[in-house]
Amino acid sequence: MLKYIVKRLLIGCVTLFILATITFFGVKAMPGDPFTQDNKVMSKETYAALEAKYGLDKPVGEQYIIYLNNALHGDFGESLSKKGQQVSDIIIRRAPVTAKLGIVAFFLAIIVGLTLGIVSALTKKRWVNSVITAFATFGVSIPGFLFAMIMMYIFGVKLHLLPVMNLETPKHYIMPSIALSLSSISMITRLTRSSLRDEMHKDYITLARSKGTKEIGVIIKHGLKNALLPVITYCGPMFAGLVTGSMVIETLFTIPGIGAEFTKSITNRDYTLVMGLTLFFGAIVIVMNLVSDIVAAIVDPRIKLGK
């Protein structure tokens with residue numbers, strides 16, 4: 001397993017290099033620049049001084065080499081729109097907010113998704129299965145930001161039951177985490193239902209029942225254990241998606257997290273902040289995919305990583 005982990009980490013480093021290269025030249029190709037946003041009027045001398053300060057007066061190829069060299073030493077530069085603030089400091093300050101929301105949404109998706117999937121797979125009541133299926137279809141069909149706005153209007157504006165801004169109390173997490181995790185809940189529900197149904201009709205389940213094992217033991221110890229493998233495989237990318245996909249949700253609920261910061265950085269043409277946040281998000285995706293593979297191998301010894 002160690003050899004596999006090292007190999008995946010090396011591939012991850014190459015992936016980050018490619019991501020950095022594409023993002024760097026992509027942001028440079030964007031129209032506009034960070035110094036003339038909000039219709040700012042400045043002299044040519046001032047504009048030239050700002051470009052020289054941030055190294056934007058150099059050829060793009062030279063800027064690219066300098067950025068990669070600095071990034072390898074942990075220096076992602078200074079934000080162009082937030083004067084005097086380092087990109088790494090912004091990430092360190094904002095990331096915990098996004099992480100808290102992402103973790104709440106993650107566990108909400110697992111708990112609700114597994115519960116609905118198990119009920120749907122084992123119930124003999126057709127109407128229950130139909131309701132869960134309809135919910136799962138609805139969850140993957142409606143965009144998270146649209147569902148968030150509907151909840152904000154109903155529970156925040158009309159009924160005044162839930163707050164619609166920031167993350168100050170546990171109540172503040174309810175609507176953002178639901179909106180963020182809705183699609184993941186639906187996917188886990190569908191994965192668990194289909195996988196558990198398949199497992200419950202296999203020969204080893206029949207053998208366990210013939211030995212006199214109680215039905216609850218058959219379900220939990222045998223069926224559910226193997227049925228969870230697709231869910232575990234999905235959880236790694238899901239967590240990365242919840243964190244990296246929180247941009248619009250954080251903007252809607254005025255949450256001072258890293259997702260909202262990423263949206264602002266694009267609007268402000270803040271090249272260094274866009275680069276730093278993109279690499280940060282890319283690293284999360286790579287690490288969480290690796291973690292999900294390792295957990296799946298631990299749960300099921302039949303999975304041999306690297307073979």
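Before reading on, note that the structure itself is shown above.
Residues numbered from 1 in each chain as written. Predicted model: local features only at pLDDT ≥ 70, side-chain atom pairs only at ≥ 80, totals over all residues. Heavy atoms only, no water.

### A word on the overall build of the protein chain
Secondary structure summary: the protein chain contains 13 helices and zero strands in total. For the C-alpha atoms alone, the extent of the protein chain along its principal axes is close to 85 × 55 × 30 Å. Expressed as a percentage of the 307 residues in the protein chain, the buried residues total 40%. Sequence-distant contacts in the protein chain: of pairs separated by 6 or more residues, those separated by 24 or more amount to 73%. (Helix = DSSP H or I, 4+ residues; strand = E, 2+ residues; numbered from the N terminus. Buried < 20%, exposed > 50% of the residue type's maximum accessible area, 1.4 Å probe, protein only. Contact = heavy atoms within 4.5 Å.)

### A few points about the packing of aromatic side chains
In this structure the tally under the stated criterion is nine aromatic pairs. Ring centres 5.5 Å apart and planes at 80° place the aromatic pair Phe106 and Phe107 in the edge-to-face group. In this structure Phe107 comes out as partly exposed when scored by relative accessible area, which is 46%. Here Phe138 and Phe147 contribute two aromatic rings whose centre-to-centre distance is 6.0 Å and whose plane-to-plane angle is 75°, an arrangement assigned as edge-to-face. Within the aromatic cluster, the residues linked to one another by ring pairs are Phe24, Phe25, Tyr64 and Tyr67. (Phe/Tyr/Trp six-rings, centres within 6.5 Å; stacked < 30°, edge-to-face > 60°.)

### Quick word on unusual backbone geometry
With a phi close to 50°, Thr254 is a non-glycine residue in the positive phi region. Counting through the fold element by element, Thr254 comes out in the loop between α11 (247-252) and α12 (258-267). On the basis of relative accessible area, Thr254 is assigned to the partly exposed category, the value being 39%. Even without being a glycine, Arg269 presents a positive backbone phi close to 55°. Among the structural elements, Arg269 can be located in the loop between α12 and α13 (271-299).

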